[in-house]
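Each chain is listed here by its residues.
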Amino acid sequence: GVVQKAAAENPNSADIQANLAYLQLLKGEDGLQDAFASILRALQIEPSHQVILRYLADFSLYFKQEEVEKLLREILAQDPHNIHAYLALGTFYYNQKNIHLAVETFKHAYDFEPDSIEISHSLGRLYLYAYEEAKERQDKYAYNYYVMADNYFSVALGAAGYLGGI
């Protein structure tokens, strides 16, 4: 179709590769291998492409997980300030149910962009998840996770301008 033609005409466009990856992901399992190839091409063109990094993280459960983690770590080794790669890696760890590594990864992103609504909200969500798990285990420190979640949600609301009048 149109996107395939555009990809043939503009093979060095990360945006077109992102659209191509999306269309391939819509095919389900049949399109996963081609989608991963499009994602890899897009990341070679633009390693900080937000949409492609999000696809990589969101669909990491369907790709070779060792390759996804390695790729994201390589991107961060080349550009340690790549916020979108940190967000993708944090999402990857969350999808793996590795909350500790997800929190640590999102904290790195937070260090670079403490006013980011997305990062603060993600940290709040992760700490809330950790709180629920700790509460089920009757962990005596469960409330600490709740406090951390509340702090990050407050930062996110403040960054969004919702706490201006309080």
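A few points on the structure.

1. Digging into the overall build of the protein
- For the protein, the helix and strand inventory stands at 9 helices and 0 strands.
- If you list the helices and strands of the protein from N to C, you get α-α-α-α-α-α-α-α-α.
- With the principal axes as the frame, the protein shows a C-alpha extent of 55 × 40 × 30 Å.
- With 166 residues in all, the protein has 39% of them scored as buried.
- A separation of at least 24 residues holds for 49% of the contacts in the protein among residues at least 6 apart in sequence.
- For the protein, the accessible area works out to roughly 9800 Å², and carbon and sulfur atoms hold 51% of it.

2. Side note on the layout of surface pockets
- In this structure, the largest pocket spans a volume of roughly 200 Å³.
- Lining the largest pocket are 15 residues; nearest its centre among them are R54, L87, T91, F106 and E118.
- Of all the secondary-structure elements, those providing two or more residues to the lining of the largest pocket are helix 4 (50-58), helix 6 (83-95) and helix 8 (117-136).

3. Digging into the packing of helix 2 (residues 14-25) against helix 3 (residues 32-45)
- The N-to-C vectors of helix 2 and helix 3 enclose an angle of 165°; their axes lie 8 Å apart at closest approach. With respect to helix 3, the element helix 2 is oriented roughly antiparallel. In the crossing of helix 2 with helix 3, the sense of the turn from one axis to the other is left-handed. Side by side, helix 2 and helix 3 meet where A14, Q17, L20, A21, Q24 and L25 of the first sit next to L32, D34, A35, S38, I39, R41, A42 and I45 of the second.
- Looking at the contact of helix 2 with helix 3 residue by residue, the classes come out as 9 nonpolar, 3 polar and 2 charged.

4. Re the packing of helix 8 against helix 9 (residues 142-159)
- Orientation of helix 8 relative to helix 9, taken along the N-to-C sense of each, is 160°, at an axis distance of 7 Å. Accordingly, the angle class assigned to the pair helix 8 and helix 9 is roughly antiparallel. By crossing handedness, the relation of helix 8 to helix 9 is classed as left-handed. The residues of helix 9 that touch helix 8, namely those facing I117, S120, H121, L123, G124, R125, Y127, L128, A130, Y131, A134 and K135, are A142, Y143, Y145, Y146, M148, A149, Y152, F153, V155, A156 and A159.
- Among the residues forming the contact of helix 8 with helix 9, the class breakdown is 18 nonpolar, 3 polar and 2 charged.

5. Description of a nonpolar patch on the surface
- The grouping of L128, Y143, Y146 and V147 at the surface amounts to a nonpolar patch, some 360 Å² of accessible area in total.
- With 3 residues, helix 9 is the largest single contributor of residues to the nonpolar patch.
- Mapped onto the secondary structure, L128 falls in helix 8.

6. Regarding the packing of aromatic side chains
- One pass over the structure, following the stated rule, counts 11 aromatic pairs.
- Between the aromatic rings of Y55 and F59, the centroid separation amounts to 6.5 Å while the plane-to-plane angle is 70°, which identifies the pairing as edge-to-face.
- What makes Y55 buried here is its relative accessible area of 15%.
- Their ring planes at 90° and their centres at 5.3 Å tell us that Y110 and Y152 sit as a pair that is edge-to-face. Here Y110 is found in helix 7 (residues 99-112), whereas its partner Y152 is found in helix 9, with 42 residues between them in sequence.
- Y152 gets classed as buried once you look at its relative accessible area, which sits at 10%.
- Linked through ring pairs, Y22, Y55, F59 and Y62 together constitute an aromatic cluster.
- Positioned above the aromatic ring of Y94, the side-chain terminus of K97 is 5.6 Å from the ring centre.
- When the ring centre of Y94 is taken as reference, the NZ or CZ atom of R125 above it lies at 5.6 Å.

Rules and cut-offs
Residues numbered from 1 in each chain as written. Predicted model: local features only at pLDDT ≥ 70, side-chain atom pairs only at ≥ 80, totals over all residues. Heavy atoms only, no water. Helix = DSSP H or I, 4+ residues; strand = E, 2+ residues; numbered from the N terminus. Buried < 20%, exposed > 50% of the residue type's maximum accessible area, 1.4 Å probe, protein only. Contact = heavy atoms within 4.5 Å. Areas by Shrake-Rupley, 256 points an atom, 1.4 Å probe, with all protein chains shown as cover. 1 Å grid on protein atoms, 1.4 Å probe; cavity = no way out; pocket = protein on both sides within 12 Å on 5 of 7 lines; lining within 4 Å. Points joined across faces, edges and corners; volume = space filled by probe spheres on them. Axes fitted to C-alpha atoms, helices over the stretch in contact; angles between N-to-C directions. Parallel < 35°, antiparallel > 145°, perpendicular 65-115°, else oblique. Left-handed = near helix turned anticlockwise from the far one by under 90°. Nonpolar A, V, L, I, M, F, W, Y, C, P; charged D, E, K, R; others polar. Patch = residues over 30% accessible without salt bridge, like charges linked within 9 Å, V, L, I, M, F, W, Y side chains within 5 Å. Salt bridge = Lys/Arg side-chain N within 4 Å of Asp/Glu carboxyl O. Phe/Tyr/Trp six-rings, centres within 6.5 Å; stacked < 30°, edge-to-face > 60°. Lys NZ or Arg CZ within 6 Å of the ring centre and 35° of its normal.

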